Amino acid sequence: MQEILKERLYSYLVDNRVDLFLDLQHKGGLKEYLNSSVSAIAPQIREMQESGEPDLYIEEYCMDELTRKLRPSPFLYLYRVLEEEFEKDFYRMREDGILTYELINILGCCRDIFDRNAFSEETEEDRYLRYEITGAVGDYLSGS
């Protein structure tokens, strides 16, 4: 079960938090992150297995727990903003094969905005956050 969860968490990072994935990989801490994250919920896994919960339910519950602090994804938020508000730039970057690279750079420029607005599932739809992020993306794209 723990190996399955590590694989699923790995896939989640690649699909949803590529910024964190690349940072962990760059620092050589990806394996440690996966191991420690899954180890932290090992007691819950054992408890659910002992109570006879189906494996599929356990996996889903554990993935929800493992990804709770990772949601929502600032990377995917920026992806949507770029695609919706800066469509030409988005498709140009995607065709040039630099979209992920540029999104990670934009994320670096927007990190303070996300932090200042306490980016979370509750604030993700805040229109003022969207305005601020859109402005920062526009500044980045114009080279300001």
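Data block above holds the structure.
Now for a quick tour of the structure. As the structure is a prediction and not an experimental result, all values here were calculated from the model.

**What about unusual backbone geometry?**
(1) Moving on: Put simply, Arg71 and Pro72 share a cis peptide bond, and its omega is -10°.
(2) Moving on: Examined against the element boundaries, Pro72 turns out to sit in the loop between α5 (55-67) and α6 (74-85).

**Observations concerning the packing of helix α1 (residues 2-16) against helix α3 (residues 30-40)**
(1) Moving on: One can describe the packing of α1 onto α3 by two numbers: an axis separation of 10 Å at closest approach and a directional angle of 125°. In terms of their interaxial angle, α1 and α3 are classed as oblique. The chirality of how α1 crosses α3 is right-handed. Across from Gln2, Leu5, Lys6, Leu9, Tyr10 and Leu13 in α1, the residues of α3 making contact are Leu30, Tyr33, Leu34, Asn35, Ser37 and Val38.
(2) Moving on: For the contact of α1 with α3, the per-class residue count stands at eight nonpolar, three polar and one charged.

**Digging into α1**
(1) Moving on: Over its 15 residues, α1 runs 20 Å from end to end, which matches the ideal 21 Å to within 8%, given 1.5 Å per residue.
(2) Moving on: Those residues of α1 not exposed but buried are Leu5, Lys6, Leu9, Tyr12, Leu13 and Asn16. The buried residues of α1 occupy an angular sector of 120° when the element is viewed end-on, so they sit on one face. Exposed and facing more than 90 degrees away from the buried side of α1 are Glu3, Glu7 and Asp15.

**Quick look at the side chain of Glu102**
(1) Moving on: The topology assignment puts Glu102 in helix α8 (residues 99-116).
(2) Moving on: The charged side chain of Glu102 is buried without a salt bridge, its nearest counter-charge being Arg92 at 6.6 Å.
(3) Moving on: Ignoring any residue separated from it by four or fewer positions in sequence, one finds Glu102 in contact with Met93 and Tyr140.

**Let's talk about the packing of aromatic side chains**
Remark: the centre distance and the inter-plane angle together describe each pair of aromatic rings, the angle taken between the planes.
(1) Moving on: The full count for this structure, using the stated rule, is eight aromatic pairs.
(2) Moving on: Geometrically, the ring pair formed by Tyr57 and Tyr61 is stacked, given 6.5 Å between the ring centres and 25° between the ring planes. With a gap of four residues between them, Tyr57 and Tyr61 both fall in helix α5, about one helical turn apart.
(3) Moving on: The exposure class assigned to Tyr57 is partly exposed, which follows from its relative accessible area of 43%.
(4) Moving on: The exposure class assigned to Tyr61 is partly exposed, which follows from its relative accessible area of 28%.
(5) Moving on: These aromatic residues form a ring-pair network of at least three members: Tyr77, Phe114 and Phe119.

What counts as what
- Residues numbered from 1 in each chain as written.
- Predicted model: local features only at pLDDT ≥ 70, side-chain atom pairs only at ≥ 80, totals over all residues.
- Heavy atoms only, no water.
- Helix = DSSP H or I, 4+ residues; strand = E, 2+ residues; numbered from the N terminus.
- Axes fitted to C-alpha atoms, helices over the stretch in contact; angles between N-to-C directions.
- Parallel < 35°, antiparallel > 145°, perpendicular 65-115°, else oblique.
- Left-handed = near helix turned anticlockwise from the far one by under 90°.
- Contact = heavy atoms within 4.5 Å.
- Nonpolar A, V, L, I, M, F, W, Y, C, P; charged D, E, K, R; others polar.
- Expected span 1.5 Å × (residues − 1).
- Buried < 20%, exposed > 50% of the residue type's maximum accessible area, 1.4 Å probe, protein only.
- Arc of directions from axis to C-beta.
- Lys, Arg positive; Asp, Glu negative; His and termini not counted.
- Salt bridge = Lys/Arg side-chain N within 4 Å of Asp/Glu carboxyl O.
- Phe/Tyr/Trp six-rings, centres within 6.5 Å; stacked < 30°, edge-to-face > 60°.

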